[in-house]
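Commentary on secondary and tertiary structure
Spelled out from the first residue to the last, the chains are:
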Amino acid sequence: MAAAAAAAAPGAGEGPAALPVQPLELKSQFRTREGSYRLLGPEPRPRAGPAAAPGPSPPAAGPGPAAAAAPGPAALPPVRLSMVRLALPPAEEPGGPAERSRVCFNLGRELYFYGGAGSGGRGSRRSLDLHKPIDKRIYKGTQPTCHDFNQFTAAADTIALLVGFSAGQVQYLDLVKKDTSKLFNEERLIDKTKVTFVKWLPETERLFLASHASGHLYLYDAEQPCGAAAPQYNLLTQGEGFSVFACKSKTPRNPLLKWAVGEGALNEFAFSPDGRSLACVSQDGCLRVFHFDSMLLQGMMKSYFGGLLCVCWSPDGRYVVTGGEDDLVTVWSFAEGRVVARGHGHKSWVNAVAFDPFTGAAQAPQPPELSGGEEEDEPPDPLVRRSPAVTYRFGSAGQDTQFCLWDLTEDVLYPRPPLSRARTLTGSGDAGVPVPGLPRSLSRSNSLPQPAGTGSARGPPPDVPPAFSVGRFATLTLQERKGSSGTEKEHKRYHSLGNISRSGEKPPGGVGSRGRLDTAKVLGTALCPRIHEVPLLEPLVCKKIAHERLTVLLFLEDCIVTACQEGLICTWARPGKAGLSSQNGGSPSGTVV
């Protein structure tokens, strides 16, 4: 097991083959300024016992993984965990349950469902009950790769769940209504590659997105059919590295929209907290942020090396954090359109990133000159050095089996201006300094359009109405879409990176003919600053907590949840809450069973 963990971390030290392999010491606790986080004991996946009735199995072309020998953890799709909380009326008796949780967890060909309960008071919710699954589904010929609950519609009488599969299908399930099941892309006419991520649109009952290894992103309506023939598309809009198509049909059918984003797989995407913007990370190493309704590119960033694998938003929507094959976590400012910092602590690929909404400043940060208690009419004393306040806390989990916590402080978010103007003009993304070899709109900023301030949410330009509003997708006809698109053509031309080169002009030096960024020419610009040009964060905590690569990281109010590829879910109680969260009644242990 130790050898497998070492092999998952390229670049780590490798001893002689003849030396005996020592068992890895897994950490069962770690300390931050808030106190000690304690492992409540690993929650092993049940490996024996009667299996529940298998769920409906999406068909796959040819023999599927089930026909082969049992694959090892490296050959299985990444383990993922989805959770939904049901808002139920408080029980009549004092202290009765006020909310219940459901958890979905995939491992190989199997889906496990768990239930949990909590008490009504804030800060007193109990940890999830992961001892015994309440349901289980086994699929043949294909494997679940991702899933997502609909938090907006979740109630006692309906719990909608989406499941994506390695053969390209997407299944709709209802955990309460057992006979309710739909299969999208059943014949694989829409996309034949595996589903990399699925997500319900925020606060919608029927619309959801599914991304594929082909680099395509599809918008579905759960109430519409997919059609018996392969869909035909009309181009709606395009930009640098992306295109958006509408399904050509006289009657509404799925998919409603098709996005072609970047090159290679579209690995993950995330909606901003206000639901207006969509951040996508792809195997081409680019983060692209779109205003979803208007389908305009709002900003982009390039990884230092390799593909980007995961993405998340800060709770206030000001920052986006990515992780990927460069072993780094990158913090990108949505309001400023620039890389704020990078974090180096992992020795291999970063698989999961997430912000901790329960730790850090309770309110949005202010620039240092207005924080710290000084009166606004009194200039701050330059000789007084204040300790930077922690503004954001986020975490990361990687293939090196390490879990890291990071703090974003005011001195990183609001650095003092450098003394040398030459340093400011080099790689800082100054709006007035074009970069040779790149289009001006790329070199002056990686944010489109230019923000007027540092608000938490950026919408489309004022002169571009969101004609392709998500709420209208289910009812718009093709003729209405064409009419709306024509009225906006001139406006969109000047607000999208894709129209930098038009009228048959050759693409600029930094952009390839298919919209691919030339890494050598982008490095050192606002899209991809060099390592020394932005602050390099060190992890607050960096602990090896598993034998296999970590794939899940979830911050809850009373605990942190992690999971690794071998199917082990661990809960880490926050300081002072171990008594409330403990489920197994045993001593904390980091031993994998």
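In the block above lies the structure referred to throughout.
Reference entry: report on the structure contained in this document. Being a predicted model, the structure only gives us computed values, none of them experimental. (Residues numbered from 1 in each chain as written. Predicted model: local features only at pLDDT ≥ 70, side-chain atom pairs only at ≥ 80, totals over all residues. Heavy atoms only, no water.)

To continue, consider unusual backbone geometry. Each neighbour pair has its own omega, and for Asn 254 with Pro 255 the value is -5 degrees, a cis peptide bond. Of note in the backbone geometry, Arg 188 takes a positive phi value of approximately 60 degrees without being a glycine. Residue class for Arg 188 comes out buried when judged on its relative accessible area of 17%. Phi at Asp 327 is positive, roughly 65 degrees, even though this residue is not glycine. Structurally, the position occupied by Asp 327 is in the loop between strand 23 (319–324) and strand 24 (328–333). (Buried < 20%, exposed > 50% of the residue type's maximum accessible area, 1.4 Å probe, protein only. Helix = DSSP H or I, 4+ residues; strand = E, 2+ residues; numbered from the N terminus.)

On the basis of which strands lie adjacent, the open sheet formed by six strands has the order 12-13-14-17-16-15 and antiparallel pairing. The sheet terminates laterally at strand 12 (195–200) and strand 15 (233–239), the two strands that pair on one side only. Across the sheet, the axes of successive neighbouring strands diverge by a mean angle of 20 degrees, strand direction being ignored. As defined by bridge partners, strand 12 adjoins strand 13 (residues 207–212) across five bridges and the pair is classed as antiparallel. (Pairing = 2+ DSSP bridges. Axes fitted to C-alpha atoms, helices over the stretch in contact; angles between N-to-C directions.)

Attention shifts here to the packing of aromatic side chains. What the rule picks out here adds up to 22 aromatic pairs. Seen from their ring centres, Tyr 172 and Trp 200 are 6.1 Å apart, and the 80 degrees between their planes marks the pair as edge-to-face. Placement of the pair is Tyr 172 in strand 10 (residues 170–174) and Trp 200 in strand 12, with a sequence separation of 28 residues. Under the relative-accessibility criterion, Tyr 172 is labelled buried at 14%. With centroids separated by 5.4 Å and ring planes inclined at 65 degrees, the aromatic side chains of Phe 184 and Phe 208 adopt a geometry described as edge-to-face. Taken together, the residues Phe 184 in strand 11 (residues 181–184) and Phe 208 in strand 13 connect sequence positions 24 residues apart. As far as burial versus exposure is concerned, Phe 184 and Phe 208 are alike and both buried. (Phe/Tyr/Trp six-rings, centres within 6.5 Å; stacked < 30°, edge-to-face > 60°.)

Here we come to the sheet that holds strand 10. Ordered in space as 8-9-10-11, the four strands form an open sheet in which the pairing is antiparallel. Where the open sheet ends on each side, the last strands, each with one partner, are strand 8 (144–149) and strand 11. The mean inter-strand angle of the sheet, taken between neighbouring strand axes irrespective of direction, is 20 degrees. Across five bridges, strand 8 lies against strand 9 (residues 160–165) in antiparallel orientation. Each bridged residue has a counterpart across the sheet, and for Phe 149 the counterpart in strand 9 is Leu 161.

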